[in-house]
Structures are given as structure tokens and as C-alpha cells.
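# Fold and geometry: a report
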Amino acid sequence: MHSIFETIKSVAFEIDHAIKTADLGYSNSENSSGEDQLKLDVQSDIIIEKAFASVAVVKNLVSEEKEGVLTLNEAGKYTICYDPLDGSSLVDVNLSVGSIFGIYENELQGSNLVASAYVVYGPRIELVIATKGQKPMLYRAIGDTFKEIGSITLDKKGKLNAPGGTQQNWCDYHKTFVDDLFTEGYRLRYSGGMVPDLHQIMLKGGGIFSYPATSDKPHGKLRQLFEVIPFAFMYEQAGGYAINDKGLRLMELIPSHPHDTSPCFFGSKYEINALKTAYGIKN
Ligand code: AHG
């Protein structure tokens, strides 16, 4: 696993350099979810694919930007499912973006995820790595290396509320849930990039990030293998909770297609319990 984390550190610097210097226009292609690809998405994907090509323990790569599975080494042990540059359209307006990595053994499902990592490209580059039985560890880029900063623990109750999707497409009980948190004094913190938004909640003690089922996206927007499950693992390792709209742990999701999405809620104990009450989910 060490070689995988070292590779993620090196691609983080390369992608950060591309963000700061590369052409921000669109490529002439769409990703497998039918979205127009930015040149930066494609470039970040290529950087990651090239870097992992020489890491012997990696069997397969599955990219949010491509259809299908790329086999690198039949004798390898792990499949890495990754979103090379999540929220890439935010680069246009100079907001933070990120890369997300889920490391799986055997079939691609939540229970087989063994580690996850994400990189935030902001005023600084930060990396968080989560492994089984350990609190997620925060690293910050200093010069050309990553320095270990410390482990991350979520408080039982936070102050931040990051509600995804468009309000006009929320169901009534979701709207009530979000409004009630604001009435309690929660602060709105939503940039439109799940990596910096979830990172902020983790580093500031807690709160909730939600991307519900909406009338225009009944199965949610965020992808299970590349986004939802890796962050569910992070939140659980940090002492938080991560469930879908039926109360199922996101770590128990079994996608039937690599690009399947899921409604998702990540947060501290208090906010996830409030969500369960609002959604009528029995414990
Ligand atoms: P994209 O895959 O187009 O980069 O979308 C970013 C994702 C995620 O990062 C973010 O949380 C979410 O889309 C925001 O969606 P809404 O604008 O619908 O809230």
C-alpha cells in the first residue's frame, strides 16, 4: 500500500502544476456520464494512469473519466477507482478542487474498500489518507514533499451544513431537514466541490454534507465507487457516519455498474441522527 500512497503524493504535485498552468478549455470528448470533459480532467486522468502503470501492486484502474476497467498488472492485488479532478469546472473561478482515490480488493463494492485518499488543490495542497483501524491522517505539501500534520477526528456535533443539489428539486422532508439545521444556527458552507466541502467539515470538527435524491436526479449525483464510498470510509474512520436515504451505511453499497450514483449523507453523529428522524429512518 505504501507504493500507492507515494504515487498519490507524486501525482498530487503534477496535477497541481497542471491546474496552475494548463489550458482551461473543453476537450472534444464526453466522459462516461455524458458530461463534457475539460482538458484538465483528461490531463489529470493521464497523469494518474501513467504514474500507476509502474506500481506492481495495482491490478486495475477505474477512472471516473473513462468507461470500463483498465488492467495494468494481472498479478496485482488492488483496484484503484479514482476521480482525477472532481469539481474541475471550479478551476475557472479559482476555487479549490480535488482528486479522490478508493483502493479496493476483489469485487468493486463498499465492503471491499481497504483504504482511501483525497487531495485538495487550494491555496495549499493537502492530502488525507485513511486506512483500516486508523484515524485519517492529514498531510500538507511543504516545498516538494508532504509533511504529516496530524490525525482527524470528527466531533459528535458540528456547526456546518453543506446541502447539495437544487432546492427546487428537493423533497419536502429534505427541505425541512436543511431549514431546521439553519434554524438551530448551522452555517452554510457549500462551494460545489465535494472534496473541499467535505474536507472543511472534517477539519472544522463536524457538520453534515448531503447530496440527496432529487426530482431531476432520483439516484443522486455522486458516484459510488469514485466519490461516495471513499469518503464514507474517511468519515467513519474519523468517527463520523455516512449513510444513504434509506439509512444504509454507504460502505455497504454494491454498485451494479462502475458509474452508479447514490444519494449520500456524511456527517457527525448528531446531524446524521437528525437526518434519520427527518427521513423517518428507524435505527
Ligand atoms: P463534477 O463531477 O461536474 O465536477 O461535479 C462536482 C460534484 C461534486 O464535487 C459536488 O459536490 C457536486 O457535484 C455539486 O453538485 P451541485 O452543484 O448539483 O450541488
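## Quick word on the layout of surface pockets
Here the second largest pocket defines a volume of roughly 250 Å³. A per-element tally of the lining of the second largest pocket places helix 4 (residues 194-203) first, with 4 residues. Summarising the domain contributions, the lining of the second largest pocket has at least three residues from each of domain 1 (2-151) and domain 2 (160-279).

## A word on the domain arrangement of the protein
What the domain assignment reports for the protein is domain 1 (2-151) and domain 2 (160-279). Inter-centroid distance (C-alpha atoms) of domain 1 to domain 2 is 21 Å. Contacts between the two partners involve 44 residues from domain 1, matched on the other side by 29 residues from domain 2. Roughly 2,700 Å² is buried in total at the junction of domain 1 and domain 2, and carbon and sulfur atoms are behind 65% of that figure. When the buried area of domain 1 at its contact with domain 2 is split by residue, Ile-100, Gly-110 and Tyr-118 rank highest and sum to 20% of it.

## Let's talk about the site of the ligand
Looking at the ligand, there are 14 residues lining it, with Asp-86, Gly-87, Tyr-190, Met-194 and Tyr-211 nearest. The side chain of Asp-86 places a nitrogen or oxygen atom 2.5 Å from an oxygen atom of the ligand. Gly-87 places a main-chain nitrogen or oxygen 2.8 Å from an oxygen atom of the ligand. The fraction of the free accessible surface of the ligand (470 Å²) that becomes covered by protein chains is 79%. Residue composition of the shell around the ligand, grouped by class: 5 nonpolar, 6 polar and 3 charged. Lining the shell around the ligand are residues from two domains, each supplying at least three of them: domain 1 (2-151) and domain 2 (160-279).

## Regarding the sheet that holds strand 3 (residues 58-63)
Strand order in this open sheet of 8 strands is 4-3-5-6-7-8-9-10, and the pairing throughout is mixed. Each edge of the open sheet carries a strand with a single partner, namely strand 4 (70-71) and strand 10 (145-151). Here strand 9 (residues 137-142) runs beside strand 10; their pairing, made up of 6 bridges, is antiparallel. What sits directly across from Tyr-139, in strand 10, is Glu-148.

## A word on a positive patch on the surface
A contiguous patch of positive charge on the surface is contributed by Lys-159, Arg-187, Arg-189 and Lys-204. With respect to the helices and strands, Arg-189 occurs in the loop between strand 12 (187-188) and helix 4.

## Thoughts on the sheet that holds strand 14 (residues 241-243)
Reading across from one edge, 12-11-13-15-14 is the order of the 5 strands in this open sheet, with mixed pairing throughout. Two strands in the sheet have a free side with no partner beyond their single neighbour: strand 12 and strand 14. Helix 3 (residues 172-183) rests against strand 11 (160-163), strand 12, strand 13 (207-211) and strand 15 (264-267) of the sheet, and its axis sits at about 155° to strand 11. In the packing of helix 5 (residues 224-237) onto the sheet, contacts are made with strand 14 and strand 15, and the angle to strand 15 comes to roughly 25°.

## So, the environment of Phe-182
Mapped onto the elements, Phe-182 comes out in helix 3. It is 9.5 Å that separates the C-alpha atoms of Phe-182 and Lys-159, two residues lying 23 residues apart in sequence. Those residues in contact with Phe-182 that sit more than four places away from it in its chain are Asn-161, Pro-163, Arg-187 and Leu-188.

## With respect to the pattern of salt bridges
Counting across every chain of the model gives 12 salt bridges. Residues Lys-66 and Glu-49 are paired through a salt bridge, measuring 2.7 Å at the closest nitrogen-oxygen approach. Of the two residues, Lys-66 is situated in the loop between strand 3 and strand 4 and Glu-49 in helix 2 (residues 39-52); the sequence distance between them amounts to 17 residues. In this structure, Lys-217 and Asp-216 form a salt bridge, with 3.8 Å as the shortest nitrogen-oxygen distance. Residues joined by salt bridges that share partners form a network here, namely Asp-45, Glu-49 and Lys-66.

Cut-offs used in this document
- Residues numbered from 1 in each chain as written.
- Predicted model: local features only at pLDDT ≥ 70, side-chain atom pairs only at ≥ 80, totals over all residues.
- Heavy atoms only, no water.
- 1 Å grid on protein atoms, 1.4 Å probe; cavity = no way out; pocket = protein on both sides within 12 Å on 5 of 7 lines; lining within 4 Å.
- Points joined across faces, edges and corners; volume = space filled by probe spheres on them.
- Helix = DSSP H or I, 4+ residues; strand = E, 2+ residues; numbered from the N terminus.
- Domains from an automatic or database assignment.
- Contact = heavy atoms within 4.5 Å.
- Buried area = accessible area lost by both parts, 1.4 Å probe.
- Near = heavy atom within 4 Å.
- Polar contact = N/O pair within 3.5 Å; in protein donor to acceptor, adjacent residues only side chain to side chain.
- Areas by Shrake-Rupley, 256 points an atom, 1.4 Å probe, with all protein chains shown as cover.
- Nonpolar A, V, L, I, M, F, W, Y, C, P; charged D, E, K, R; others polar.
- Pairing = 2+ DSSP bridges.
- Patch = residues over 30% accessible without salt bridge, like charges linked within 9 Å, V, L, I, M, F, W, Y side chains within 5 Å.
- Salt bridge = Lys/Arg side-chain N within 4 Å of Asp/Glu carboxyl O.
- Lys, Arg positive; Asp, Glu negative; His and termini not counted.
- Charge placed at Lys NZ, Arg CZ, Asp CG, Glu CD.
- Axes fitted to C-alpha atoms, helices over the stretch in contact; angles between N-to-C directions.

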